[in-house]
Structure formats: C-alpha cells, structure tokens
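# Summary of the model geometry
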2 protein chains.
Amino acid sequence: MTLTLDRQTSTQQALNQRVFNFSPGPAVLPLPVLQEIQRDLLALPGAGSSVLEISHRSPAFDAILEEAEANLRELLAIPADYRVLFLQGGASLQFSMVPINLLRGQDLPASYILTGSWGRKAAVEARREGRVHVAWDGKADNFVRVPDDGELDLPPASAYVYYTSNETIQGVQFRRPPAAGAAPLVCDASSDFLSGPVDVSGHGLLYACAQKNAGPAGLTVVIVSDQVLERCGNDVHSMLSYRLQAEKGSRLNTPNVFGVYVFLLITRWLRDEVGGLEAAAERAAAKSGLIYDVLDRDGGEFFVSHAARACRSRMNVTFRLRRADLEDAFVAGAAELDLVSIKGHRSVGGFRVSAYNAMPVEGVERLRDYMLDFRASH
Amino acid sequence: MTLTLDRQTSTQQALNQRVFNFSPGPAVLPLPVLQEIQRDLLALPGAGSSVLEISHRSPAFDAILEEAEANLRELLAIPADYRVLFLQGGASLQFSMVPINLLRGQDLPASYILTGSWGRKAAVEARREGRVHVAWDGKADNFVRVPDDGELDLPPASAYVYYTSNETIQGVQFRRPPAAGAAPLVCDASSDFLSGPVDVSGHGLLYACAQKNAGPAGLTVVIVSDQVLERCGNDVHSMLSYRLQAEKGSRLNTPNVFGVYVFLLITRWLRDEVGGLEAAAERAAAKSGLIYDVLDRDGGEFFVSHAARACRSRMNVTFRLRRADLEDAFVAGAAELDLVSIKGHRSVGGFRVSAYNAMPVEGVERLRDYMLDFRASH
C-alpha cells in the first residue's frame, strides 16, 4: 500500500502544479495521455527503447503509424480513396504546399474565403504560385463572421476553393463547409480538427497542425483525396510534394515519430474515453456554451463578444471588457485561480478562451464563475 | 526507504527492458535526459503545464529557446555574426531550402561534393533551382572515401560549395572541412553534429537534423552566417526563407517545442556530463576504435570494412561479413545479447554500427566481444 501511495504522492505533486491552460496552441493535452507517455518514456513496451529513440522504420513505429491512421480513419469516417499524411512544418508550411502542388503552372485562379488572420496568411503564400481570387473577405467588418454560401463570389472554375474552418485568433467557425462547386475544397482545420465530425468526402484536401486537439507542436496531418493527388504538379521539391509523401507513406524521410505516437494516444482517448467525435462536438458546444452564456446574459454591458452569434467558435471564445482599463486586473485575478493563457491575440485584443477537447469542464466552469464574480465586483 | 525503493524498482523494470540500440537515427538518447523528460512530463517546473502543452510564446519556452541557443553557441564556439535556427522537416527539407534560398535565380552554379547517398539526394533537389556542378563524386568507387582538397574540381566561382560531413549510410567522414575557396561552404552535418568541435566560422551554413546526437526526430538545427543570409533570395515562401526564419527567431510559426526542450537537455548533458565537444570527440574515436580495431586485426579475412581507413566515420561503422550467408546468424546472435539495429542500409548491405554520443561504451564493448566470439565460432 505504501509503495503505491508513493507513486500517487509523487504524481499528485505534479498534478497540483497543473493549471487550467486556455492557450490557443500548443494547448492542453488529455491527462491520461500525458501519464501514458510518462510511464513508457524510458522504454516503449516491446520496443526495448524509448519512443524517442526508435527508428522510423522499426516494427514498433510501423505499428504506431498504422494504428494512428486506422484510428483517424475510423473517427472521421475517411473514405478509402483518401490518403492520410503525417508531415512537419505546421499549418504555415501547408499555406505554401497547397499552392505549390495545386496552383503552380495553372491557368485557373485559386479562390480563397478569408474569415480571419490565418486565411489571409495562406493567401499571401498562394500568390507566389499563381492567381488568387478572393471569394469573400471578412476584413471590412473585422472578421466577426463567416459568409453564407450565397455571399461567395466564386468564378466559374477554380484550381481549388480554400477556407479556414475555425479562425483561432478571431474565434469564428464554419458550422458546415462552404459550397465550393466543382472545384476541390481545401480546408485548414487546424484549430477545430477532431472537435467534431467532418464530411471528409466533401473536401479535396483537409489539413491540421496537431498542437490544438491532436498532439504536440511539430506534427501536421493532411488528408487528401486520390483525385487531388492526381492533379498535383510534378515540378515540386520532394519534401513539398503531396504525391511523393503519399507514395512513401509519410516516410519519405524521418517523420516526427514522437508526434505520431502522441497523436495515436489521443485518437485512442477520443474513441475510448470521449466516445468519438459526435460526443466531442457535444462537449465542445457545452463547454464553450458556458462562456457564451455569460456573454449573452450580460448583453454587452460588461463583456463584449467578438464573433457574431451564428459563427461563434466552439474552440476559441473571443471577447473583451467594455472597460479596457480592467483587462490587466481580469488576467491577474484569473491567474490567481490557476486560469491562464486567456489573453487575446494582439491583433484582436481582449480575451481568447481556448477550450479544446482536453480542457476539463471544471476549468471552464471555474472561469465562468470567475467572470461572473469579476463583473459583480466591478 | 521502501518508498524510494518503489520508484527505483519501477525505473529498474523499464531500464531492464532497454537494449543497446545502434540505430542510425532516430537513435539512442542519453539516459539522464530521458529520465528528466519523464520526471517533468506532467508539469514542467514553474510552467504549470507539461512541456507538450506550453505556448511557444510563453516565458517558459522563451527560457528554453534562449538557453538552448546559448548552450549550442558555447559548445560550438559559434561567432556572433551567425544565427541559430530551430526548424522542422529534417535534413531532407534542407536539401531544398539551401538551393531555394541560395541558388534560385543565380547565374553561378552550386558545387556539390558527393561522398554518399545523402549528398546525392541533396544535389537532386538543387537541380530544380539552378545549375549544379559536381566537384567530386565518390560513386565510381562505391563511396568508400572522401576526396583530398587537391582532387576537387571547383569552378572559379560557385553560389556555394556543398558537402556532407558524415555519410550515415556509407560511414565515411571528413576529418576537416573541404577547401571551398571564396564561396560559402554549406555542410550537412546531420550525423556527426555535436560529436566533436567544428570550425563554424569556416562555413556559411551548417545544418543537422536532431535525431542522431541532438534530440528526437522532428527538429532541424541550422547555423547560418549573416553574410549568407544577405545573399538569400526574396522570392521564397515564408516558411522556407532562412532570412525570415532568422528575423522571427525561429518563431515564424510554432516550432517543435518539445524537440527544442530535449535539445536543450542534451546540450546540458554534453557540457556537464560529457565535458564538451573535445571530450565527445575523444569518446567517439575510442568507441568506434573498438570496432575498427576488430576489423583491422581481422585484416579482411572474416570482416570486410567498407570505408577507407583515413575516412572512417566515428559515428557509423560499416562492414560486412566475408561470408554473406552468415549475416542472418550474426544479427540474430547480436539480438540475443540486446545488441540491435546493426543491419546496414540496403544500398550498402552488411552492417552499420551507429555509436552516437549517447551510446554507452559498454554497448560497444559488448558488440566488440560478440564480433570476436562470432568469428571464433565460425
């Protein structure tokens, strides 16, 4: 008994240090996943080495990669004619890889739907490779919403239609993908990936960096249809070629072995503990709803919501205080309650509460209560 | 006492599972580093979160990045007018980034010294961006050596001169950098990085993937002079631009936070436990010498050394058996002694023993003894 107690005590000390981390990414990870990583860090069972030391061509990593892909296919119901790639470089490298593969040398323009900071950055890189047509731009109204399909100005044909399913900085999210017509629909799903079901078959290519809902920084997941792979150009550097990466099964060179391992553990957690992506979506709606409820009841008197109601992100809740002079006090008071990383991005200001899958509801409840207390006392 | 014993027992069980891992990369890491990662995995002291969860713009990561760079600067005596970049994508992405930044749009050719598989791959990517001049090619004699300076066929001017300081697959290594003349010297140091001192000031750019001596897969370290940064072109995608990555201090987007953290721990271990890079070089010479000594004493009767004596790698020892029919038995017998991942790359065959910094001398001694026993019994 005492022996077991020691491990618990030691773990308890570490657990006591843990705060509620509302960082937009890298972000909170599921505690059971962290504990499994910790337990097996010196020697992955059966591998004889740490997961940080195993070859990317070892049987141990073969099994990790295979199960990671299988779990993702099951969670997202990915059709058989789509490939799953585990790459590096974050979403930002995808801003370039998408047009390098799909726009370079094309006569058709690529159509971009701009609903926030990340979409804009993506369009900047695309312009290096060809014509970019802006199908909708939310900048004029400060990126508070996403467009209806009827508002999209799409040309008769596009190399692809690009959108950002959830804009992390502004906190606006598409409830369903935009209507792209016949062109392949390309989605940057970085900040709402695995937070709910997605109709993969409606997309030509969908990608996400891992450091929100899917793992540590340094891993990027790309889901791409065989049809889109066939359209990819040949005049592409090897590491930037979707087709070559797909042909080599994500092992054109050494992938982020540890990142794929953590991703695998997270997919297991999503399936076995969360209960799949429908359940994840319900949790996300409930957690973000706790904060939106405060904003709605307040009615803009004390708290000012950034995103329009119909487009509110269930991952990143953005708001500010009517009295900007209270912002520092709001952050300081939150920190005293172990509620951290709630400051908004400098381009939007105010606050951003990121409540990804791994954020316990207790953390959001504590923040909700704090918001109510803070308002009452000011 | 019993409480402490429990932790030791638990750790001992994991340690007992660990084999001597001679993988060429990802490769063995220092055990004290793994233990520190494990200890702090649930909460990095002072950060309130796991290192896998902290923001790349948090004070905790500021400190990690700053110390990682400072330690590397100290270990390699990096001059002040050089930048250190922590990137992603492995050496293979550098095969492309080097010519994208330094050859694109140039009239001058880039000169490549080809001493093995990795240099050849690099030259393939460079040809996408401009003229490649092969200054030396070891393919005709099966990449068993590196050239003398007098053998290099260098044009009057080059955009840069490129070489691979250690060819992991063939096991050939430069003892000192080749004479590049006035052109910037570019080095792929992936598999001997941090195994000994390097004259950084003699290079324009030097890079290494981490998964040999410097960390887990998914991190690439680039050391580049301000002078070379000034030569870099402007027509480059943001993520692929050395200049932009340098301007943003490796945080143009989210870097591999965990990879930089492990790299930091390894630099501390190199400084405090190994005693710096001179000491690391001595250890590498001694460890590889244990195997080369077997090969030399055997004189090619049973074991056949691949690399010419003067060019032998101190990281990757390559050899084969005179009797190829004994290869499977040699691997199987080694595995019984927990000596694993010694098979050579399919392009060279035979065996490759990678004894990076973190490989204990005991592992190499055990392998040496096994080689002698195996020879004696066959």
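All values derive from a computational prediction rather than experimental measurement.

### Observations concerning the interface of chain B and chain A
Taken residue by residue, the interface counts 64 residues in chain B and 64 residues in chain A. Interface of chain B and chain A: buried area, both sides summed, is about 5,200 Å²; carbon and sulfur atoms make up 55% of it. Broken down residue by residue, the surface that chain B buries against chain A is led by Leu42(B), Glu53(B) and His237(B), which jointly contribute 16%. On the surface where chain B and chain A come into contact, there are two salt bridges. Between Arg18(A) and Glu53(B) there is a salt bridge; the shortest N-O distance is 2.9 Å.

### Section: the packing of aromatic side chains
To describe a pair of aromatic rings, one takes the distance between the centres and the angle between the planes. What the rule picks out here adds up to 33 aromatic pairs over all chains. Between Tyr112(B) and Tyr162(B) the ring centres are 4.5 Å apart and the planes differ by 20°, which places this aromatic pair in the stacked class. In this pair, Tyr112(B) is assigned in strand 3 (residues 110-114) and Tyr162(B) in strand 5 (residues 161-164), connecting sequence segments 50 residues apart. Tyr162(B) matches Tyr112(B) in its accessibility class, with the two residues each being buried. Put simply, the rings of Phe302(A), Phe303(A), Phe319(A), Phe330(A), Phe351(A), Tyr370(A) and Phe374(A) pair up and form one aromatic cluster.

### Points about the confidence of the model for chain A
Residue and element names in this part refer to chain A. Taken as a whole, chain A shows an average pLDDT of 96; of its residues, 98% reach a score of 70 or greater. Note that pLDDT drops below 50 for residues 1-5; the model gives that stretch three contacts with residues more than four away or on any other chain. The ipTM for the predicted assembly is 0.97, set against a pTM of 0.97.

### Looking at the relation of the copies chain B and chain A
When chain B is fitted onto chain A, the two copies agree to an RMSD of 0.0 Å after a turn of 180° and an axial shift of 0.0 Å. On the angle and the small slide along the axis, the relation comes out as a two-fold axis. The overlap is high: 100% of the interface residues of chain B also sit at the interface in chain A, so the same surface is used on both sides.

### Looking at the pattern of salt bridges
Residue and element names in this part refer to chain A. Here the structure, examined in full by the defined rule, presents 38 salt bridges over all chains. Arg271 serves as the salt-bridge partner of Asp272, at 2.8 Å between the closest nitrogen and oxygen. Residue class for Asp272 comes out partly exposed when judged on its relative accessible area of 48%. Put simply, Glu36, Glu67 and Arg268 are held in one network by salt bridges that share partners.

### A word on the environment of Val353(B)
Residue and element names in this part refer to chain B. Following the sequence through the fold, Val353 ends up in strand 14 (residues 351-354). Sequence separation between Val353 and Glu273 is 80 residues, and the spatial gap between their C-alpha atoms is 23 Å. Excluding anything up to four places from it in sequence, Val353 contacts Phe22, Met315, Asn316, Val317, Phe319, Ile342 and Leu367.

### With respect to helix 10 (residues 327-336) of chain A
Since one α-helical turn is 3.6 residues long, residues separated by three or four positions face the same way. All names here are of chain A. Buried residues of helix 10: Phe330, Gly333 and Ala334, and no others. Take helix 10 and look down its axis: the buried residues cluster within an arc of 100°, on one side only. Within helix 10, the exposed residues directed more than 90 degrees away from the buried face are Asp328 and Glu336. Among the structural elements, strand 11 (303-305), strand 12 (316-321), strand 13 (339-340), strand 14 (351-354) and helix 11 (361-376) are those in contact with the buried residues of helix 10. Just beyond helix 10, the residue with positive phi is Asp338, at close to 65°.

### Considerations on the packing of helix 8 (residues 257-274) of chain A against helix 9 (residues 277-298) of chain A
When two helices pack together, you describe them by how their axes are tilted relative to each other and by the distance separating the axes. Residue and element names in this part refer to chain A. It is at 9 Å that the axes of helix 8 and helix 9 come closest, and there the two elements cross at 80°. Taken together, helix 8 and helix 9 sit at an angle that is classed as roughly perpendicular. Judged by residue contacts, Trp269, Leu270 and Val274 of helix 8 engage Leu277, Ala279, Ala280 and Arg283 from helix 9.

### Things to note about unusual backbone geometry
Residues and elements named next belong to chain A. Here the residue pair Gly25 and Pro26 is connected by a cis peptide bond, since its omega of -10° sits within 30 degrees of zero. In this fold, Pro26 is placed in the loop between strand 1 (20-21) and helix 2 (31-39). The backbone of Ala77 shows a phi angle near 50°, a positive value even though the residue is not glycine. Its location among the elements puts Ala77 in the loop between helix 3 (59-76) and strand 2 (82-87). Using a relative accessible area of 58% as the deciding quantity, one classes Ala77 as exposed. The backbone of Phe143 shows a phi angle near 55°, a positive value even though the residue is not glycine. Mapped onto the fold, Phe143 is located in the loop between strand 4 (132-137) and strand 5 (161-164).

Cut-offs applied
Residues numbered from 1 in each chain as written. Chains lettered and ligands numbered in written order. Predicted model: local features only at pLDDT ≥ 70, side-chain atom pairs only at ≥ 80, totals over all residues. Heavy atoms only, no water. Contact = heavy atoms within 4.5 Å. Buried area = accessible area lost by both parts, 1.4 Å probe. Salt bridge = Lys/Arg side-chain N within 4 Å of Asp/Glu carboxyl O. Phe/Tyr/Trp six-rings, centres within 6.5 Å; stacked < 30°, edge-to-face > 60°. Helix = DSSP H or I, 4+ residues; strand = E, 2+ residues; numbered from the N terminus. Buried < 20%, exposed > 50% of the residue type's maximum accessible area, 1.4 Å probe, protein only. pLDDT = per-residue confidence, 0-100. Least-squares fit on C-alpha atoms with pLDDT ≥ 70 in both. Arc of directions from axis to C-beta. Axes fitted to C-alpha atoms, helices over the stretch in contact; angles between N-to-C directions. Parallel < 35°, antiparallel > 145°, perpendicular 65-115°, else oblique.

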